[in-house]
Amino acid sequence: MLYWLTELSDGGDVFNLFRYITFRAGGAFLTALMFGFIFGIPLINVLRKRQGKGQPIRSDGPEGHFVKAGTPTMGGLLIVGALLTSTLLWARLDNPFVWMVLFVTVSYAAIGFADDYAKVSKQNTDGVSGKVRLLLGFLIAAIAGAWAAWFHPDDLTGMLAFPIFKDALFNLGIFFVPFSMIVIVGAANAVNLTDGLDGLAIMPVMIAGGTLGIIAYAVGRVDFTEYLEVHYVPGTGEILIFSAALIGGGLGFLWYNAPPAAVFMGDTGSLALGGALGAIAVATKHEIVLAIVGGLFVVEALSVIIQVLYFKRTGKRVFLMAPIHHHYEKKGWAEPQIVIRFWIISLILALIGLATLKLR
């Protein structure tokens, strides 16, 4: 919205700053951060009052989690509110990719909110039917995939790009939208599975979101794409503003989610943020890189899949408990130890993902 202040500029005044994506990204970061600090406590107080007993705790979960009973959930409203406010304020509102990412984020937040509300009101961990969640998630992802394909350059429409092998393009054709659906829904549910310890999910989301934001800025500039020898996707640079808002909003939330958490993000936050990461990857043609920078989420999801399939086949378990962060809890690792080590892994994977931009 503030971009339109550039119409008041004569080229050498303060209004000219609003032309620059990097300046507006900085503004989006600070706005989202302040949003979190200003509205965090009031939101937590409202959630605590409305929810009473807070998020239900799994009876078969780690013993240390029972002390968290009564902690309110739906804290994702704080992150999504900060994201939405900052992006609408600082991004160009004529950019289709910004609206595509916002569409996925808000839609998935709505699904997560309904799930959280059902859990809190019934005081059990069932929530909304998994089939309904998946059906709605795939429908939203299908719209987003078609949306992205419509605005991709003609030479990239329906194509799958590869990191490192930068001249290689695989034509998915009509299967691009189904592929996009898998990426977005998979990312949303992987982040949802990761959100099991205080502060565990939000930092890797910020790291992955910041990495994808840098990639979006790079592939949205002709000069950068020529230097890095990656495919040029006009308009994706504005996604950096969304990513900066995600980091600001995430830090504001982490202030209250750090151990011991005063609030959980719930499915409201985890589905929205995971869906956003998937949407950015689809928009920028970096779906494979998402699997690298979001490698922690991939491992968490795979641990659940392996556990379920192996148990159904043999009646035995590979892990003491899945997702894998609970496995380490069962082995005696302290919660902060698991969280910080997983943060370190996420940062390493993000650096590897960034390195693929120049590797050839």
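Check the entry above for the structure.
Read on for a plain summary of the structure. Everything quoted here is computed from the prediction, not taken from an experiment.

### Some thoughts on the pattern of salt bridges
Move 1: Taken as a whole and judged by the stated rule, the model has seven salt bridges.
Move 2: Glu238 serves as the salt-bridge partner of Arg24, at 2.7 Å between the closest nitrogen and oxygen. With Arg24 in helix H1 (residues 21–51) and Glu238 in the loop between helix H7 (222–228) and helix H8 (239–257), this residue pair connects regions lying 214 residues apart in the sequence. Neither Arg24 nor Glu238 differs from the other in exposure class; each is buried.
Move 3: Across the pair Lys119 and Asp267 runs a salt bridge, and its minimum N-O distance is 3.3 Å. Of the two residues, Lys119 sits in helix H3 (residues 96–122) while Asp267 sits in helix H9 (residues 266–284), which places them 148 residues apart along the sequence. For the pair shown, Lys119 and Asp267 are each scored as buried.
Move 4: Here the salt bridges share partners, and the residues they tie into one network are Asp115, Lys119, Arg133 and Asp267.

### With respect to a nonpolar patch on the surface
Move 1: Side chains of Val298, Leu302, Ile305, Ile306, Leu309, Tyr310 and Val318 sit close together on the surface and give an oily, nonpolar patch of about 590 Å² of accessible area.
Move 2: Residue placement: Val318 occurs in the loop between helix H11 (295–314) and helix H12 (324–330).

### So, the packing of aromatic side chains
Move 1: For the coordinates displayed, the defined rule picks out ten aromatic pairs.
Move 2: Ring centres of Phe103 and Trp147 lie 5.7 Å apart, and the angle between their planes is 40°; this geometry places the pair in the tilted category. Pair noted here: Phe103 is in helix H3 and Trp147 is in helix H4 (residues 130–151), with a separation of 44 residues, a long-range link.
Move 3: Judged by its relative accessible area of 25%, Phe103 falls in the partly exposed class.
Move 4: Geometry around Phe224 places Arg221 over its ring, the cationic atom sitting 4.3 Å from the centre.
Move 5: Sitting over the ring of Trp333, Arg341 keeps its end group 4.7 Å from the ring centre.

### So, the nonpolar core
Move 1: Core analysis: the biggest nonpolar cluster contains 85 residues, and Val104, Tyr108, Ile202, Phe242, Leu273 and Leu290 have the highest contact counts within it.
Move 2: The biggest single contributor to this core is helix H6 (residues 202–219), with twelve residues.
Move 3: For Ile202, the residues in contact, after removing those within four places along its chain, are Ile79, Gly250, Phe253, Leu254, Asn257, Met265 and Leu273.
Move 4: Counting eight residues, the second largest nonpolar core, distinct from the first, contains Leu197, Leu296, Ile324 and Val339.

### Details of the side chain of Lys285
Move 1: Structurally, Lys285 can be placed in the loop between H9 and helix H10 (287–293).
Move 2: At 4.7 Å, Glu287 is the nearest oppositely charged side chain to Lys285, a buried residue that forms no salt bridge.
Move 3: Only 3.2 Å separates the side chain of Lys285 from the backbone oxygen of Leu156, close enough to count as a polar contact.

### A look at unusual backbone geometry
Move 1: Of note, the bond from Pro259 into Pro260 is cis; its omega dihedral lies within 30 degrees of zero at -10°.
Move 2: Within the secondary structure, Pro260 sits in the loop between H8 and H9.
Move 3: Unlike most non-glycine residues, Ile164 shows phi in positive territory, near 70°.
Move 4: You can see Ile164 is positioned in the loop between strand E1 (159–161) and strand E2 (169–171).
Move 5: The partly exposed category is assigned to Ile164, whose relative accessible area is 32%.

### Points about H9
Three or four residues apart is the spacing at which side chains of an α-helix point the same way, because the helix has 3.6 residues per turn.
Move 1: For H9, which comprises 19 residues, the first-to-last C-alpha distance of 28 Å matches the rise-based estimate of 27 Å (1.5 Å per residue) to within 8%.
Move 2: With 19 of 19 residues buried, H9 lies mostly within the body of the structure.
Move 3: In the stretch just after H9, Lys285 is the one whose phi turns positive, near 65°.

### Quick look at the packing of H6 against H9
Move 1: Running from N to C, H6 and H9 point in directions that differ by 20°, and their axes come no closer than 10 Å. The angle between H6 and H9 falls in the class roughly parallel. The way H6 lies across H9 gives a crossing that is left-handed. Where H6 abuts H9, its residues Ile202, Val205, Ala208, Gly209, Leu212, Ala216 and Val219 lie against Leu273, Leu277, Ile280 and Thr284.
Move 2: A class-by-class count of the residues in the contact of H6 with H9 yields nine nonpolar, two polar and no charged.

Quick notes on the rules
- Residues numbered from 1 in each chain as written.
- Predicted model: local features only at pLDDT ≥ 70, side-chain atom pairs only at ≥ 80, totals over all residues.
- Heavy atoms only, no water.
- Salt bridge = Lys/Arg side-chain N within 4 Å of Asp/Glu carboxyl O.
- Helix = DSSP H or I, 4+ residues; strand = E, 2+ residues; numbered from the N terminus.
- Buried < 20%, exposed > 50% of the residue type's maximum accessible area, 1.4 Å probe, protein only.
- Patch = residues over 30% accessible without salt bridge, like charges linked within 9 Å, V, L, I, M, F, W, Y side chains within 5 Å.
- Areas by Shrake-Rupley, 256 points an atom, 1.4 Å probe, with all protein chains shown as cover.
- Phe/Tyr/Trp six-rings, centres within 6.5 Å; stacked < 30°, edge-to-face > 60°.
- Lys NZ or Arg CZ within 6 Å of the ring centre and 35° of its normal.
- Core = buried A, V, L, I, M, F, W, Y, C linked by side-chain atoms within 4.5 Å.
- Contact = heavy atoms within 4.5 Å.
- Lys, Arg positive; Asp, Glu negative; His and termini not counted.
- Polar contact = N/O pair within 3.5 Å; in protein donor to acceptor, adjacent residues only side chain to side chain.
- Expected span 1.5 Å × (residues − 1).
- Axes fitted to C-alpha atoms, helices over the stretch in contact; angles between N-to-C directions.
- Parallel < 35°, antiparallel > 145°, perpendicular 65-115°, else oblique.
- Left-handed = near helix turned anticlockwise from the far one by under 90°.
- Nonpolar A, V, L, I, M, F, W, Y, C, P; charged D, E, K, R; others polar.

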